[in-house]
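Each chain is listed here by its residues.
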Amino acid sequence: MSGGAYFWIKALHIVSVIAWMAGLLYLPRLFVYHAEAEPGSELSETLKVMERRLLRAIMNPAMISSLLFGGMLLAYQDMTAAWLQVKLGCVVLMMFAHMAMGRGRKDFEADRNTRPTRFYRIANEVPTVLMIVIVVMAVVKPF
Ligand code: HEM
């Protein structure tokens, strides 16, 4: 692949992770308000629609394209590099956070959420911390 193509793929990778991160940082915020809403209320039903569309129309496709373009970039990396191993480890944790949010969304959709607002406020910090570590690893490559 020519140098130009490599940078096009890296650009598409970064665009994909921006969309994925937007969803991973926003969905727990919706859960914070949803945990305070009365089941069956107009607010709860509106939040169900917002959560479903955010996950299915933005987060799922963005995660897949982040993996696809990131995977293409891997072909040109030294897989023994410590920065890349730390980064990929954090990406796996980020995917677990994504899956956990998917399960949380199903609980809210079925009006069976039992977790308090405080849980989602704290959960919101997990993708934030992982994102910071991942970007520092990818850009600074400290080791
Ligand atoms: C999904 C699995 C992922 C894989 C396999 C992957 C892999 C890669 C690779 C191989 C590079 C090229 C490094 C270079 O050329 O210097 C890269 C660049 C980058 N990745 Fe990922 N990545 C993934 C997910 C993410 C995520 C989730 C984020 C952000 C939260 C991210 C942020 C970045 C950034 C900012 C760059 C550009 C680094 C630079 O140009 O200096 N990546 N990624």
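Each chain has its residues counted from 1, running along the sequence as written. In keeping with the predicted nature of the model, local features appear solely for residues at pLDDT of at least 70, side-chain atom pairs appear and are counted solely at 80 or more, and the whole-chain, interface and lining totals rest on all residues. Water and hydrogen atoms were dropped before computing side-chain values, which therefore reflect all heavy atoms in the structure.

K.L.:
Mind showing me how you'd approach the side chain of S65 here?
P.N.:
Helix numbering and strand numbering both begin at the N terminus, where a helix is a DSSP run of H or I of at least 4 residues and a strand a DSSP run of E of at least 2. Along the chain, S65 falls in helix 2 (residues 42-74). Separated by 3.2 Å, the side chain of S65 and the backbone oxygen of A62 make a polar contact. Once you skip the residues sitting within four places of it in the chain, S65 turns out to touch S16 and G70. As used in this structure description, the phrase polar contact means that two N or O atoms lie within 3.5 Å; if the pair is within protein, one of them must be able to donate a hydrogen and the other to accept it, and residues adjacent in sequence are counted only when both atoms belong to side chains. A contact between two residues is defined here by any heavy atoms of the two lying within 4.5 Å.

K.L.:
How do you make sense of the site of the ligand when you look at a structure like this?
P.N.:
When we say a residue is near a molecule or strand, we mean one of its heavy atoms is within 4 Å of it. Around the ligand, the surrounding shell holds 23 residues, and the nearest of these are Y6, K10, H13, K87 and K141. Between the ligand and H13 there is a distance of 2.8 Å, counted from a nitrogen atom to a side-chain nitrogen or oxygen. Those elements that place two or more of their residues in the shell around the ligand are helix 1 (3-34), helix 2, helix 3 (82-109) and helix 5 (125-140). With seven residues, the single largest contributor to the shell around the ligand is helix 1.

K.L.:
What is the right way to read the nonpolar core from this model?
P.N.:
Among soluble globular proteins, nonpolar side chains are generally buried collectively. Think of a nonpolar core as a cluster: buried Ala, Val, Leu, Ile, Met, Phe, Trp, Tyr and Cys residues, connected wherever their side-chain atoms sit within 4.5 Å. When accessible area is computed with a 1.4 Å probe and restricted to protein chains, residues below 20% of their type maximum are described as buried, those above 50% as exposed, and intermediate ones as partly exposed. In terms of nonpolar packing, the biggest core is built from 21 residues, with W20, L24, L27, F31, M59, M94 and M101 touching the most fellow members. Contributions of two or more residues to this core are made by helix 1, helix 2, helix 3 and helix 5. Of the residues forming this core, the biggest block, seven residues, is contributed by helix 1.

K.L.:
Can you walk me through the coordination of the iron atom of the ligand in this structure?
P.N.:
A metal bound by six donors in octahedral fashion has ideal angles of 90 or 180 degrees, whereas one bound by four tetrahedral donors has an ideal angle of 109.5 degrees. For Na, K and Ca the donor cut-off is 3.2 Å, while for other metals it is 2.8 Å, and in both cases only N, O and S atoms qualify; water is not among them, so sites may look incomplete. Protein coordination at the iron atom of the ligand: the donors are H13 (NE2) and K87 (NZ), at 1.8 to 2.1 Å from the metal. Owing to a relative accessible area of 14%, K87 belongs among the buried residues under this scheme.

K.L.:
I tried to follow the packing of aromatic side chains on my own but got confused; where do I start?
P.N.:
Two aromatic rings, taken as a pair, are described by how far apart their centres are and by the angle between their planes. In this scheme Phe, Tyr and Trp rings, the latter by its six-membered ring, pair at centre separations within 6.5 Å, and the angle between planes marks the pair as stacked below 30 degrees, edge-to-face above 60, and tilted otherwise. With the rule as written, the count across this model stands at six aromatic pairs. Measuring from centroid to centroid gives 5.5 Å for F108 and Y120, while their planes differ by 45°, and the two rings are tilted. Placement of F108 in helix 3 and of Y120 in helix 4 (residues 117-123) is noted, with a sequence separation of twelve residues between them. On the basis of relative accessibility, which here comes to 4%, the residue Y120 falls in the buried class. An angle of 90° between the planes, with centres 5.1 Å apart, marks the rings of F119 and Y120 as edge-to-face. Any Lys NZ or Arg CZ that is within 6 Å of a ring centre and within 35 degrees of that ring's normal is treated as a charge sitting over the ring. A cation sits over an aromatic face here: K141 above W83, 4.7 Å from the ring centre.

K.L.:
Help me understand the side chain of K87, please; the structure alone is not making it clear to me.
P.N.:
On the secondary structure map, K87 appears in helix 3. Excluding anything up to four places from it in sequence, K87 contacts H13, I134, M137 and A138.

K.L.:
Explain the packing of helix 2 against helix 3 to me, please; I cannot follow it from the model alone.
P.N.:
To characterise two packed helices, one gives the angle between the axes of the helices and the distance between these axes. Interaxial distance between helix 2 and helix 3 falls to 11 Å at its minimum, and their mutual angle equals 160°. By the angle between their directions, the pair helix 2 and helix 3 is classed as roughly antiparallel. Two packed elements cross with a definite hand, and for helix 2 against helix 3 that hand is left-handed. Taken together, the residues of helix 3 that come into contact with helix 2 (itself represented by K48, E51, R52, L55, R56, M59, N60, M63, L67 and L74) are L84, L88, M95, H98, M99, M101, G102, R105, F108 and E109. Looking at the contact of helix 2 with helix 3 residue by residue, the class counts come to eleven nonpolar, three polar and six charged. Angles run from 0 to 180 degrees between N-to-C directions of axes, and those axes are lines fitted to C-alpha atoms, restricted for helices to the stretch in contact. The cut-offs work like this: below 35 degrees is roughly parallel, past 145 is roughly antiparallel, 65 to 115 is roughly perpendicular, and the gaps in between are oblique. The sense of a crossing depends on the near helix, which, turned anticlockwise from the far helix by less than a right angle, makes the crossing left-handed and, turned clockwise, makes it right-handed. In this classification, the charged set is Asp, Glu, Lys and Arg, the nonpolar set is Ala, Val, Leu, Ile, Met, Phe, Trp, Tyr, Cys and Pro, and all remaining amino acids, among them Gly, are polar.

K.L.:
It is not clear to me how a positive patch on the surface should be interpreted in this structure. Could you clarify?
P.N.:
Residues R56, R103, K106 and R115 make up a contiguous surface patch of positive charge. Position of R56 among the secondary structure elements: in helix 2. Exposure above 30% relative accessible area and the absence of a salt bridge qualify a residue for a patch, where like charges join within 9 Å and nonpolar side chains (Val, Leu, Ile, Met, Phe, Trp, Tyr) within 5 Å. Computed with the Shrake-Rupley method and a 1.4 Å probe, the accessible areas treat only the protein chains shown as cover for residues. Think of a salt bridge as a Lys or Arg side-chain nitrogen and an Asp or Glu carboxyl oxygen that are within 4 Å of each other. His residues and chain termini do not enter the charge count, which takes Lys and Arg as positive and Asp and Glu as negative. Charged groups are reduced to one reference atom each: NZ for lysine, CZ for arginine, CG for aspartic acid, CD for glutamic acid.

K.L.:
Please explain the environment of W8 as it appears in this structure.
P.N.:
Mapped onto the elements of the fold, W8 is located in helix 1. Classification of W8 by relative accessible area gives exposed; the value is 63%. Taking the C-alpha atoms as reference points, W8 and H98, separated by 90 residues in sequence, lie 26 Å from one another.

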